[in-house]
Amino acid sequence: MNEQYDYDLFVIGAGSGGVRAARMSAGYGAKVAIAEERYLGGTCVNVGCVPKKLFSYAAHVSADLNNAASFGWTTASTAFDWPTLRDNKTREIERLNGIYGSLLENAGVELFNGHAELTGNNTVAINGREYRCKNILLAVGGWPSIPEFPGSEHVISSNEIFYLDTLPATAVVVGGGYIACEFASILNGLGVGTTQLYRGPLFLRGFDNEVREILAEEMRTSGVDLRFEINVDRIDKQGDTYRLQLTNGEVLETGLVLYATGRNPLLEGLGMDTVDIALDDKGYIAVDDNYQTSTPGIYALGDVTGGIELTPVALAEGMTLAANLFNGEQRRLNYEHIPTAIFSHPNVATVGLSEEQARERYGQISVFTSRFRHLKHTLGDHGGKVFLKLLVDAATDRVVGAHIIGDDAAEVMQGIAIAVKMGASKADFDATIGIHPSVAEEFVTMRTATRN
Ligand code: NDP
């Protein structure tokens, strides 16, 4: 390393993208430091993907218990204990925090606990010292954004929901994105009377319209009181009860209000005023296709850049940057065909285009759909129907979009995503033998187009 610098790379933020970039860079021989002021593993490990999925499993148990009788099981009286779930989850997260620390240590990355900030184009200050850095990576992620209105101080975000002292009898979830749908489903599954409010005509804007409609139907069937074209005007607290004045004049009383109304880049206190780093029109750090900001030598990736806010995307970005900076490569990440899942109940998973996007891009498409009762639910009247959808470009026969609603949708979609990424045609899908009996086999047995 050049004597002029203390580090080849200083990473600010030990979340998914930052940790991966740091480890890979150190693996290529760079001298790397990483700073974290909150928790190792970032949002995903601490207040996001991982604990959310654990809660989602917990919430699914209630559906399985409902189903048990149809399989001949007599279940004695059952009860759910929130502190047990919360504390078991926290123990597991703490274990993962430790693993992240060991991974960094074993890779030779120097870890600083504390608040780091930029003090110039090549300098970072932390814990009272300034370090000279050849390259700096800003991987500080995002933070829940809650609109300001009378009573907004009474609401919680996804940061707090993981650590509630008690689970209320009723809750209102505001928002229509990933987090709102997932937590409305989780709370409902854990036995909380749940209302979800979304300001637009149909939640999950940007997803396939048919998928959005069917998910809304299924979530309502599962017990969520889902309301569209509505918002909150004000909230008053009376004892342990929150009184929500809604935009339609209605008043709703509830024990908890969770706002899941998007996230903002976490730039506060980062020393952005000491450097000349351009932001995009939404306030995220603007980067080129190698994650370089407008200041050479300062890079940014993951949620702080406002791209596709998914852990696997941040991981891929971190690996790409490390290879380019310290292994002489010229990689560029391909952002097409990124599969994603919403862990609502039922789950949704998708890869490629929605029907609306496919029609716009390709003109002539064939749409294959199938909706049926899951075999698991045929003996009782519990559980809704699964839904599968394939979109095929008529000109090339290529599958350009795949969608599924149902249990384990994400597990199914990961494999389908490989085929779609490889450019599989509908004929390739048809030539594949199904696994019987399974839900996923329907992806290779849909022969007649529902519409063109
Ligand atoms: P999203 O951006 O997905 O959704 C925000 C929602 O809040 C939208 O429905 C939006 O409505 C609504 N909204 C925004 N502002 C207001 C407001 N002032 N009043 C009322 N409603 C409002 O954000 P999330 O917080 O759900 O998630 C953040 C990101 O985290 C996601 O984009 C996703 O990338 C990632 N994530 C991924 C998960 C996964 O992979 N399973 C799980 C959880 C999060 P409108 O559509 O009208 O703008």
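Preceding this section is the structure that the text describes.
The structure displayed is predicted, hence computed values, not measured ones.

## So, the overall build of the protein
The secondary structure content of the protein amounts to 11 helices and 21 strands. For the protein, whose C-alpha radius of gyration is 24 Å, the value lies close to the compact-globule estimate of 22 Å for 452 residues. Considering only C-alpha atoms, the protein reaches an extent of 70 × 60 × 40 Å along its principal axes. Counting all 452 residues of the protein, 52% fall into the buried class. A sequence separation of at least 24 residues applies to 62% of the contacts in the protein between residues at least 6 apart. If you average the places of the 37 positive and of the 56 negative side-chain charges in the protein, the two averages end up 3 Å apart.

## Regarding the packing of helix α3 (residues 49–68) against helix α4 (residues 82–107)
Remark: α3 packs on α4, axes separated minimally by 10 Å, with the N-to-C direction vectors making an angle of 145 degrees. Like other packed secondary-structure pairs, α3 and α4 cross with a definite hand, here right-handed. On the side of α3, the interface is formed by Val50, Pro51, Leu54, Phe55 and Ala58, while α4 contributes Trp82, Leu85, Lys89, Glu92, Ile93 and Leu96. Taken together, the residues that form the contact of α3 with α4 break down as nine nonpolar, no polar and two charged.

## Digging into the sheet that holds strand β12 (residues 241–246)
Read from one edge to the other, the open sheet built from three strands follows the order β11-β12-β13, with strand pairing classed as antiparallel. The open sheet has two free edges, formed respectively by β11 (232–238) and β13 (251–254), since each of these has just one partner strand. Averaged over all neighbouring strand pairs, the angle between strand axes comes to 20 degrees, with direction disregarded. As paired elements, β12 and β13 share four bridges and run antiparallel to each other. Each bridged residue has a counterpart across the sheet, and for Arg243 the counterpart in β13 is Glu253.

## Notes on the nonpolar core
Counting residues in hydrophobic clusters, the biggest one holds 40 residues, and the most contacted among them are Ile161 and Phe203. Sorting the residues of this core by element identifies α3, α4, β8 (170–174), α6 (178–189) and α7 (209–222) as the ones contributing at least two each. With six residues, the single largest contributor to this core is α6. Beyond its immediate chain neighbours, meaning those up to four positions away, Phe203 contacts Gly176, Cys181, Gln196, Tyr198, Arg212, Leu215, Ala216, Met219, Leu226 and Phe228.

Definitions and limits used
Residues numbered from 1 in each chain as written. Predicted model: local features only at pLDDT ≥ 70, side-chain atom pairs only at ≥ 80, totals over all residues. Heavy atoms only, no water. Helix = DSSP H or I, 4+ residues; strand = E, 2+ residues; numbered from the N terminus. Rg over C-alpha atoms; globule rule 2.2 N^0.38 Å. Buried < 20%, exposed > 50% of the residue type's maximum accessible area, 1.4 Å probe, protein only. Contact = heavy atoms within 4.5 Å. Lys, Arg positive; Asp, Glu negative; His and termini not counted. Charge placed at Lys NZ, Arg CZ, Asp CG, Glu CD. Axes fitted to C-alpha atoms, helices over the stretch in contact; angles between N-to-C directions. Left-handed = near helix turned anticlockwise from the far one by under 90°. Nonpolar A, V, L, I, M, F, W, Y, C, P; charged D, E, K, R; others polar. Pairing = 2+ DSSP bridges. Core = buried A, V, L, I, M, F, W, Y, C linked by side-chain atoms within 4.5 Å.

Function cannot be read off these values alone, since they describe shape.
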